[in-house]
Amino acid sequence: MNVHAPSNIKIGKSVCPHDCPSTCALEVELLDENTIGRVRGAKGQPYTAGVICEKVARYAERIHHPERLLYPMKRVGPKGAGQFERISWDEALDLTAAAFRKAEAEHGAESVWPYYYAGTMGYVMRDGIERLVNTKGYSQMYGTVCVALSFPGFLAGAGRLSGSDSREMQKSDLIVVWGGNPVNTQVNVMTHVGIARKTRGAKLACVDIYETGTMKQADIKMLIKPGTDGALAAAIMHVLFRDGMANWDYLDQYTDDPKGLEAHLADKTPEWASAICGCSVEAIIEFAHMIGKTPRSYFRLGYGFTRSRNGAASMHAVNCIPVVTGAWLHEGGGALHSNSGIWKLNKSIIEAKDATTKRGRVMDQGRVGEVLCGNPVDLQGGPPVTAMLIQNTNPVSIAPDQTRVKEGFAREDLFTCVHEQFITETAKYADVLLPATMFLEHDDLYTGSGHTHLSVGPKLVNAPGECRTNDFVHKELAKRLGADHPSFEKTPRALIDETLKLSSHPSLARFDEETWIDVGKDFETSHFINGFGHEDKKFHFKANWRKAAKAASRMGVIGDISGMPEWPGYYPAHEQADENYPFRLATSPARTFLNSTFNETPSSRKREGRPTVFVHPEDLAALGLADGGKVKLGSRRGEVTLHAKAFEGLQRGVLIAEGVWHNEAYEDGKGINTLTGSDQPAPAGGGTFHDNAVWMKAA
Ligand code: SF4
C-alpha cells in the first residue's frame, strides 16, 4: 500500500533486492508511473531504522540510467565485442529455445546449464529459473562464491545458521565486528552500534586486514595479516582459559568437550599468535581481557575473513570465542553471521521441486571457467556445456580466474543467452541478449540474512522499453521447450502467496498492508539457550567437517578435508607469500559498488575514483614505486594493471584492491578477478577472493 508524503509526492514501499545482508525496507518517491525520485530507508522497520546506503539512496540514477538495456538483441560481431542488432522478443526467445533443443538433441539435457546468482535476492526472480532446471533435467548450479566457506564454518560449531537478533547490538557493551566492513557493505550495523555507544558507552572492536571505514571508527583495532584469524581467535581463547575468564558452568552445560579445548589451546599463546597474525602480544591479551570482562559481547561475524582457502576453519575458530565466555547467555551478547537458517521457506512451487524429471549433474558456479573450458573433472563424465541462460550475475567480471572464464565464453560452439539490465562484460559474449526489469518494476519476496524480517517488494513503476521479468523469460522458454509444471501458469504474486502459505507464514494480503513481518525467534531460541543445532544440542568445538559440508553444500564435500583442523585454530591452507609472490592481496568491497552492480552509475564511479591498490608506504619505497604510480600485479593466474596508493593502515606485505570495476577500467580489459583463483577449498568449495599471493612492479 502506498502512503503520501507531506509534499504530496507519492511514496511506494519496497525492499532492497541487492546482495547485502541488510535487505533494507525502502520508501521510494514515485514521481509518476514510470519515474522514481529519492529512495529512503523505512523508519518503521526497526533494523533499517530509516537508514540506507548512499548507492541505493540514489537509485534513480541506476533505474533511469541512459545505458540501460531496453530491447532484445542478437550478436552480429565476434564474441565479447558487444556488437548487437535489435530483434523482437519472439525472435529472441525462439532462437534461445532452438539452441537449447539443439544442445539437448546433440549431447543430452545436461549440456544446458542455467546459471544465475544474487543480482537480485528476490525468490521468484532469482530462483524461478530452477523450474527450467528441474523440469528439463538440465545441469544444476551450486552457488559457491559467497557463502560456501562461511556457512560450513558456522555450522560446524553452532549446528544452525542463526544468531542473536541484530537489534540487540544496541544493548551490547562490546560489539566485535570481525572480518567485515559494514560501513561499506551493511551500513545498518553501524546504526545499532552507534546507539549502543551513545546510550551505554559500548565499545566497538574491529578485526580486519586493513583499516576499513569501520575500523577507523573502532575503539579497538586489531589489524592482522590475511588468513590468520584462526590464530588470533585461538590465542584469545588461550588467554580466557589461562586467566580464569572461561565460563565453566556454561561450557559444561552447552559444549561438547571444553576440557579438550583447553588442552588443545595450551600452546596457542599470544606469543605464538603474534608471530602469525602480526598483532602485538599486549594487544592480543588486552583484547582477550576486554572480551572476558564484558558479558554482553556481541560478535558480528562478516564474510570477508572467510573468503580465503582456510575460511571455514577461521569462521569456526572465531565463532568459538563467545561460547568460551558464555556471552550467549546475555541479551546483547552472542554472535550473528547469518539468519539464513530461520526462514524455512518452502520454495517447492517457485522451483518446481516436485518435477519428476531425472536431475542433472551439479556444477560449481565458481568453476565456470573450467566447466566451459571442458575440464573433465568439472564435467564429471558428462557432456560439454553448449547452451546457457544467464540471469542476475556477471561471471565475466565477478567469477574467479577471469582468463579461463573469458576463454570459456569465447567458445564458438557455446550458445549464451544473457538476460540483463545493462550490457555487462558477460552480456558482450551473448548470442541473444534480453532486457531485464529492476526490482521496482516487478513483484518479489525477500528475506534478510542480517535481520529477521520477511518482506514483499511490489511492482511500483513501469519498466522502460521492452524490459521483461525473469519470470516472463522462464515461462516463455518453458512454453517453447515443452516444460510442464503448474508453477508456469502462476503470476509472481500467486507464486509468492503460495510460497508463504506452504511455509506457514501470513498470506500475501498481509504484506499489502505492511511490506514486512518480523519472524525472529524468541531469546531462548536465538541465543541457543534451548540448545545448539546439533543432535546433542551442544556447541561443537570439535568440528565434523564432513557433516558441516553436507549441511551447507549442494555438492557435499569438496576439496581435501583430511587436513582440516578438528579443533579451532590456525589452518595454514591459504596462499603463502614466497620469493616469487611476496605480497598477499585481498579484493575487498568498495563502498559504492556491490560486486559488479553499481559500477555503471556515474556517482559511484566518481566516488571510487579508479582501480587502485593500497600499499604500505614502506613497501612502495622498497620497490622504488611512486604513490599514485601505475603498477602491475601478478598472481599464478594472470596480471592486472592499476594505480598504487600509499596507505598506512595495513601490515607490510598486504595489498588491498577495493571494488570490482568494469573490466574495461583496467588496461587490456583484464579485471581484478584475473588474479583470483577458482580452486575449490575444503570443505565445500567457495570464493577465495581475498586470498591471493602476488608480485608487484611498476607498469
Ligand atoms: S545497505 Fe544493503 S540492503 Fe540496504 S539499501 Fe544498501 S545495498 Fe540495499
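Residues numbered from 1 in each chain as written. Predicted model: local features only at pLDDT ≥ 70, side-chain atom pairs only at ≥ 80, totals over all residues. Heavy atoms only, no water.

A word on the sheet that holds strand β13 (residues 334-336)
Strand pairing in a sheet relies on backbone hydrogen bonds, with the paired strands running either antiparallel or parallel.
Thought 1: Here we have 5 strands laid out as an open sheet, ordered β11-β10-β9-β12-β13, and parallel in their pairing. Of all the strands in the sheet, just β11 (220-223) and β13 have a single pairing partner and so form its edges. Strand-to-strand twist in this sheet, taken as the mean axis angle between neighbours without regard to direction, amounts to 15°. (Pairing = 2+ DSSP bridges. Helix = DSSP H or I, 4+ residues; strand = E, 2+ residues; numbered from the N terminus. Axes fitted to C-alpha atoms, helices over the stretch in contact; angles between N-to-C directions.)

Thoughts on the packing of helix α10 (residues 229-242) against helix α14 (residues 281-293)
Thought 1: Contact pair α10 / α14: the axes reach a minimum separation of 9 Å and the direction vectors enclose 60°. Helix-helix and strand crossings are classified by hand; for α10 and α14 the assignment is right-handed. Across from L232, A235, I236, V239, L240 and R242 in α10, the residues of α14 making contact are I284, I285, F287, A288, H289, I291 and G292.
Thought 2: Among the residues making up the contact of α10 with α14, the classes are represented as 10 nonpolar, 2 polar and 1 charged. (Left-handed = near helix turned anticlockwise from the far one by under 90°. Contact = heavy atoms within 4.5 Å. Nonpolar A, V, L, I, M, F, W, Y, C, P; charged D, E, K, R; others polar.)

Points about the packing of aromatic side chains
Thought 1: Here the structure, examined in full by the defined rule, presents 19 aromatic pairs.
Thought 2: An angle of 75° between the planes, with centres 5.4 Å apart, marks the rings of F532 and F539 as edge-to-face.
Thought 3: A residue is classified by how much of its surface remains accessible, and F532, at 2% relative accessible area, is buried.
Thought 4: Looking at F539, the relative accessible area reads 0%, which means it is buried.
Thought 5: Chaining the aromatic ring pairs together yields one cluster made of Y250, Y254, W328, F528, F532, F539 and F541.
Thought 6: The cationic tip of R62 hangs over the ring face of F598; the distance from NZ or CZ to the ring centre is 5.5 Å. (Phe/Tyr/Trp six-rings, centres within 6.5 Å; stacked < 30°, edge-to-face > 60°. Buried < 20%, exposed > 50% of the residue type's maximum accessible area, 1.4 Å probe, protein only. Lys NZ or Arg CZ within 6 Å of the ring centre and 35° of its normal.)

Quick notes on the site of the ligand
Thought 1: Lining the immediate environment of the ligand, one finds C16, C20, S22, T23, C24, I52, C53, V56, V187, N188 and L594.
Thought 2: Taken together, the residues of the shell around the ligand sort by class into 8 nonpolar, 3 polar and no charged. (Near = heavy atom within 4 Å.)

Examining unusual backbone geometry
Thought 1: The omega angle of the peptide bond from A682 to P683 is 10°, so this bond is cis rather than trans.
Thought 2: In this structure, P683 sits in the loop between β25 (654-656) and β26 (692-698).
Thought 3: At T23, a residue that is not glycine, the phi angle is positive and equals roughly 35°.
Thought 4: Even without being a glycine, K537 presents a positive backbone phi close to 65°.
Thought 5: Following the sequence through the fold, K537 ends up in the loop between α25 (523-526) and α26 (545-552).

Re the side chain of Q140
Thought 1: With respect to the secondary-structure elements, Q140 resides in strand β8 (residues 140-142).
Thought 2: Discounting chain neighbours no more than four positions away, the residues touching Q140 are W113, V133, R359, G360, R361, V362, M363 and R554.

Digging into the pattern of salt bridges
Thought 1: Per the stated rule, a full pass over the model turns up 52 salt bridges.
Thought 2: A salt bridge links K136 to E104, with the nearest nitrogen and oxygen atoms 3.6 Å apart. Of the two residues, K136 sits in helix α5 (residues 130-136) while E104 sits in helix α3 (residues 89-107), which places them 32 residues apart along the sequence.
Thought 3: Exposure remark for K136: the relative accessible area of 15% places this residue in the buried category.
Thought 4: Linking E476 and R480 is a salt bridge whose minimum nitrogen-to-oxygen distance equals 2.9 Å. Of the two residues, E476 and R480 are both situated in helix α22 (residues 470-481); the distance of 4 residues between them amounts to about one turn of the helix.
Thought 5: By relative accessible area, E476 is classed as buried at 14%.
Thought 6: Three or more residues are tied together by salt bridges with common partners; here these are R309, E575, D578, R584, R636, R637, D679 and D691. (Salt bridge = Lys/Arg side-chain N within 4 Å of Asp/Glu carboxyl O.)

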